[in-house]
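Next come the chains, spelled out residue by residue.
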Amino acid sequence: MTPDAARRRAVGQILLLAAGFLVLVAISTASVLLVNKARKDSGLVVHTVEVQNQISNLLLEIRRAESDARGFLLTREPELLRDHEAAVATVIPNVDRLIRSISDNPRQADNVKKLKAAVERRLDQFAKEMNFVKQSRTEDAVALVREAAAGNTTGAIRGIAGEMQTEETRLFGERTVNADRSQLLAAIVTIAGSGLVIALAGISIFLVRRSASARAEAEALLRDNNLNLESTVDERTADLRE
């Protein structure tokens, strides 16, 4: 092997190692970015499910409070009053939790403001109904129940909550697609990067073996040349002696 060829081979191996290092850096960076994005997208999917559950729990507590209020109006059972008060006590905290959860969505923020106003109206009606019942003003309590039914406050709450659920369902589908795409891209980059690393490793092994083979051939040629040189020297020495 000529010195120029050896130098070119050394430069090629250095470039190969540099390329391998750059590929590893690029793969690591892309993998970290994609994994973080996939984690963020998955977190948004979980957040959407949590919001849907909060809306459902809020509607459940309002229905519970309404059912217990009507039951107490009919039977005067203290247990129903306690259940009603327990349900009412959870409603506003649930609304506040929902407000915090959807603060990043302007459309839902507008909906939850309307929802809170309707919920507060219904809770005010509940409070008046319970006061009338406690004061044995049954007719007034019944009239208020009829007024609430005519005003359809509970229906308004369900309608607004339904719009919010529809929006969250849309977001769930969109965010699920984004999360799946991010995970797929992360997997593709990881697999492609692993393949490139394996390919570079194979090329490196091939070059090292070829370099070792060329070195062995050069050493063998050098030994042969040395032997030929020694034979030539011996022959000339013998000629000079004669």
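Residues numbered from 1 in each chain as written. Predicted model: local features only at pLDDT ≥ 70, side-chain atom pairs only at ≥ 80, totals over all residues. Heavy atoms only, no water.

**So, the overall build of the protein**
From N to C terminus, the protein includes five helices and zero strands. Mapped from its N terminus to its C terminus, the protein presents α and β elements in the order α-α-α-α-α. Taking all 242 residues of the protein together, 30% fall into the buried category. For the protein, contacts bridging at least 24 residues in sequence account for 79% of all contacts bridging at least 6. (Helix = DSSP H or I, 4+ residues; strand = E, 2+ residues; numbered from the N terminus. Buried < 20%, exposed > 50% of the residue type's maximum accessible area, 1.4 Å probe, protein only. Contact = heavy atoms within 4.5 Å.)

**Structural notes on the pattern of salt bridges**
All told, the structure shown has 12 salt bridges when counted by the stated rule. A salt bridge links aspartate 41 to lysine 37, with the shortest nitrogen-to-oxygen separation between them at 3.0 Å. In this pair, aspartate 41 and lysine 37 are both assigned in helix 1 (residues 3–75), four residues apart and thus about one turn of the helix distant. For aspartate 41, a relative accessible area of 8% gives the class buried. Glutamate 129 serves as the salt-bridge partner of arginine 122, at 3.5 Å between the closest nitrogen and oxygen. With a relative accessible area of 4%, arginine 122 lands in the buried category. Each of Glu66, Arg70, Arg122 and Glu129 takes part in a single network of salt bridges with overlapping partners. (Salt bridge = Lys/Arg side-chain N within 4 Å of Asp/Glu carboxyl O.)

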